[in-house]
Amino acid sequence: MSDEQRSGGSGFGWFILGGIVGLAAGAYIASGPGRSQVDTLRSKTIELSGSEPVQKAKQAAQRARVAVTDPENPVGKAIQDGVAAAKRRREELEAAARGKIQSATNGEDSKKGVAE
């Protein structure tokens, strides 16, 4: 057997060994010192989610959602106007592209007619 054929199988063996070592390290961290850190972070997250700044941020986000979706609100109206303008411009560009494609196609057809 050549060296290339022998090294192919050992690469897979190293992959399996790495997976086993990673699994063992993950199990140690999850059950050992890292577990208390996870529990501390979880309790802090729960504690902070009910705090006043978080509640104010949630209320502000809700007001922003309403402003964006309400067509009577200046922000919502501006967004709707922007979307409509973008649609119009897209239609203009698509029409111009179709015209160029048709003129290019017609140009080729007339050249073929002359050559025949």
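**Student:** Would you take a moment to explain the overall build of the protein chain for this structure?
**Tutor:** Counting its regular elements, the protein chain contains four helices and zero strands. Ordered by position in the sequence, the α and β elements of the protein chain form the string α-α-α-α. Here the protein chain has roughly 10,000 Å² of accessible surface; of this, 63% comes from carbon and sulfur atoms.

**Student:** How should a nonpolar patch on the surface be read in this particular structure?
**Tutor:** Side chains of Phe-12, Phe-15, Ile-16 and Ile-20 sit close together on the surface and give an oily, nonpolar patch of about 460 Å² of accessible area. Relative to the elements of secondary structure, Ile-20 occurs in helix α1 (residues 3-31).

**Student:** When you look at the pattern of salt bridges in this model, what are you seeing that I'm missing?
**Tutor:** A side chain of one charge can pair with a side chain of the opposite charge if their charged atoms are brought near each other. Evaluation of the coordinates by the stated rule reveals four salt bridges. One salt bridge in this structure joins Asp-81 and Lys-77, with 3.7 Å as the shortest N-O distance. Placement of the pair is Asp-81 and Lys-77 together in helix α4 (residues 74-115), with a separation of four residues, close to one helical turn. On the accessibility criterion, Asp-81 (41% relative accessible area) is partly exposed.

**Student:** How do you make sense of the confidence of the model for the protein chain when you look at a structure like this?
**Tutor:** Parts of the prediction with low pLDDT should not have their coordinates interpreted in detail. Averaged over every residue, the pLDDT of the protein chain is 79; residues scoring 70 or more account for 80%. For the protein chain, the element scoring lowest by mean pLDDT is α1, at 74; helix α3 (residues 52-69) scores highest, at 86.

About the criteria used
Residues numbered from 1 in each chain as written. Predicted model: local features only at pLDDT ≥ 70, side-chain atom pairs only at ≥ 80, totals over all residues. Heavy atoms only, no water. Helix = DSSP H or I, 4+ residues; strand = E, 2+ residues; numbered from the N terminus. Areas by Shrake-Rupley, 256 points an atom, 1.4 Å probe, with all protein chains shown as cover. Patch = residues over 30% accessible without salt bridge, like charges linked within 9 Å, V, L, I, M, F, W, Y side chains within 5 Å. Salt bridge = Lys/Arg side-chain N within 4 Å of Asp/Glu carboxyl O. Buried < 20%, exposed > 50% of the residue type's maximum accessible area, 1.4 Å probe, protein only. pLDDT = per-residue confidence, 0-100.

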